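# Coordinates in review
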Amino acid sequence: MPTMTLSPESASDERTSIVNASTLRASAAVELAERETGLSTSAETGPAMTEDDTVCVLAVLAEMQCIIDRHLEKTGQTQPKS
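### Looking at the overall build of the protein
Within the protein, the secondary structure is distributed over two helices and zero strands. Counting every position in the protein, which comprises 82 residues, the buried fraction comes to 1%. As presented, the protein carries roughly 7600 Å² of accessible surface, and 62% of it is formed by carbon and sulfur atoms.

### Some thoughts on the pattern of salt bridges
Think of it this way: side chains of opposite charge can pair up when their charged atoms draw near. Under the criterion given, the structure shown has one salt bridge. Residues E63 and R70 are paired through a salt bridge, measuring 3.7 Å at the closest nitrogen-oxygen approach. You can call E63 partly exposed: its relative accessible area is 43%.

### A word on helix α2 (residues 51–75)
With 25 residues, α2 should cover 36 Å at 1.5 Å per step; its first-to-last C-alpha distance of 36 Å lies within 8% of that length. A positive backbone phi angle near 75° is found at G76, which sits one or two residues after α2.

### So, a nonpolar patch on the surface
A cluster of nonpolar side chains, M49, V57, L58, V60, L61 and M64, forms an exposed patch at the surface whose accessible area comes to about 540 Å². Relative to the helices and strands, L61 is located in helix α2.

Quick notes on the rules
- Residues numbered from 1 in each chain as written.
- Predicted model: local features only at pLDDT ≥ 70, side-chain atom pairs only at ≥ 80, totals over all residues.
- Heavy atoms only, no water.
- Helix = DSSP H or I, 4+ residues; strand = E, 2+ residues; numbered from the N terminus.
- Buried < 20%, exposed > 50% of the residue type's maximum accessible area, 1.4 Å probe, protein only.
- Areas by Shrake-Rupley, 256 points an atom, 1.4 Å probe, with all protein chains shown as cover.
- Salt bridge = Lys/Arg side-chain N within 4 Å of Asp/Glu carboxyl O.
- Expected span 1.5 Å × (residues − 1).
- Patch = residues over 30% accessible without salt bridge, like charges linked within 9 Å, V, L, I, M, F, W, Y side chains within 5 Å.

Encoded structure:
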């Protein structure tokens, strides 16, 4: 059976590696908690879109529907009902 000799330096290096890994895990956990808190806070502040935003989106969708309708007329196709 192979024998392994440990020196004080290798033990110290291993402890340092363990501490560094623990610090990284703790840092990641804190960052995740901060993100989750930020997401829940922003969700509670109100709607993401204002009424003006909604109106703009609806106008764009209406224009897109007109473009689709014109294309379908040109090609002689009908729009499928869903």
